[in-house]
Amino acid sequence: MQKNQVRKAVIPVAGFGTRLFPATKVVKKELFPIIDQDGRAKPVILAIIEEAISAGIAEVAIVVQPDDKEIFENLLKNPPKKELLNKLSPQNQEYSRYLEDLGSRITILLQEEQLGYGHAVFCAQDWVQDEPFLLMLGDHIYASDTEKSCASQILDVYKQVKQSIIGLTTMPAEIIHKAGCITGVWQDINSILEVTQLYEKPTIEYAQQHLHVEGMSENDFLCIFGLYLLTPKIFDFLAEHINKNFRERGEFQLTSCLEELRQEEGMTGYVVKGKCFDTGLPDAYRQTMIDFRKI
Ligand code: UTP
């Protein structure tokens, strides 16, 4: 297996989506509809899978709650009911065939207990095995500012640096307390940097003291975009946290394991040329519905 070839992507979708309650009592947030650039209504998860596949990823695993397996299988593995299929327009019938083809590249994995984002990633260990993989959040969709999709940009940087990569975007100080932040040293100004620290949800004071990046405005910081390229070493750190029952805010988190991965193997930060749309909060979802279609 060539180490610079990335074939697999993992998308955890097993959370409860509490911030979108009560809608998430009946519909998983990853199944909420969005309207894509072609005007097609599709579940968020499909847009994420398509981003991965169009970047050249061969196989995608989604990590689901056991009770949700059937509904994801229905979307990704089963053809529509014959009565529905017959009524679809020729374009949608073609899209349905394409969906079946897409389904053959998707594996559904289970997270038996909802013990956090880091734990959900760990559930993909046996499937990923010893390969670098793309990790994508289940409640973010992307639009590139260039011809190359956001996921392809990350895969291209991996070919250059051959170490874990964290996709980044610039955020103003007022909202960084909700985000994962990093700091580092530019290798290629405003584009690629060597990460020297990762910090989850910093206060403005902490960020101003420790996370300022050279050349950036005092009020702007580099935050996690929701796309990561990780080496399989991440599973060692996740396993250690799980075995030692080391929880943060009651859950097994990814960010502290990313920091350990950085210390062991080094990590590259890449400022993605594109926009990241959050679908995990009511107003962010509403804005995504409006803006994603317009791009
Ligand atoms: P979030 O932090 O958004 O948590 O998870 P959540 O439960 O989905 O939503 P809120 O915060 O309660 O509103 C980030 C990603 O990790 C997945 C989620 O599905 C989402 O894609 N996740 C989270 C899991 O797969 N398992 C978990 O135990 C937690």
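Draft legend 1. Region of interest: the nonpolar core. Membership of the largest hydrophobic core comes to 49 residues, with the highest contact counts inside it found for Ile11, Ile49, Val60, Ile62 and Leu134. Top contributing element to this core by residue count: helix α2 (residues 44-54), with 8 residues. Setting aside anything within four residues of it in sequence, one finds Leu134 in contact with Val6, Lys8, Ala9, Val10, Ala52, Ile57, Ala151, Ile154, Leu155, Tyr228 and Leu229. With 34 residues, the next largest nonpolar core counts Val10, Ile224, Phe235 and Leu254 among its residues.

Draft legend 2. Structural detail: the site of the ligand. Lining the immediate surroundings of the ligand are 19 residues, of which Pro12, Thr18, Arg19, Glu30 and Gln111 lie closest. Contacts to the ligand include Thr18, whose side-chain N or O atom sits 2.5 Å from an oxygen atom. In this structure, an oxygen atom belonging to the ligand sits 2.8 Å away from a main-chain N or O atom of Gly116. Classifying every residue of the shell around the ligand by side-chain character gives 8 nonpolar, 7 polar and 4 charged.

Draft legend 3. Seen up close, the packing of α2 against helix α5 (residues 90-103). Relative orientation of the contacting elements α2 and α5 amounts to 70°, with a least axis distance of 12 Å. Relative to α5, the element α2 is oriented roughly perpendicular. As α2 runs across α5, the sense of the crossing is left-handed. Contact residues: Leu46, Ile49, Glu50 and Ile53 in α2; Tyr95, Tyr98, Leu99 and Leu102 in α5. Within the contact of α2 with α5, the residues separate by chemical class into 7 nonpolar, no polar and 1 charged.

About the thresholds
Residues numbered from 1 in each chain as written. Predicted model: local features only at pLDDT ≥ 70, side-chain atom pairs only at ≥ 80, totals over all residues. Heavy atoms only, no water. Core = buried A, V, L, I, M, F, W, Y, C linked by side-chain atoms within 4.5 Å. Buried < 20%, exposed > 50% of the residue type's maximum accessible area, 1.4 Å probe, protein only. Helix = DSSP H or I, 4+ residues; strand = E, 2+ residues; numbered from the N terminus. Contact = heavy atoms within 4.5 Å. Near = heavy atom within 4 Å. Polar contact = N/O pair within 3.5 Å; in protein donor to acceptor, adjacent residues only side chain to side chain. Nonpolar A, V, L, I, M, F, W, Y, C, P; charged D, E, K, R; others polar. Axes fitted to C-alpha atoms, helices over the stretch in contact; angles between N-to-C directions. Parallel < 35°, antiparallel > 145°, perpendicular 65-115°, else oblique. Left-handed = near helix turned anticlockwise from the far one by under 90°.

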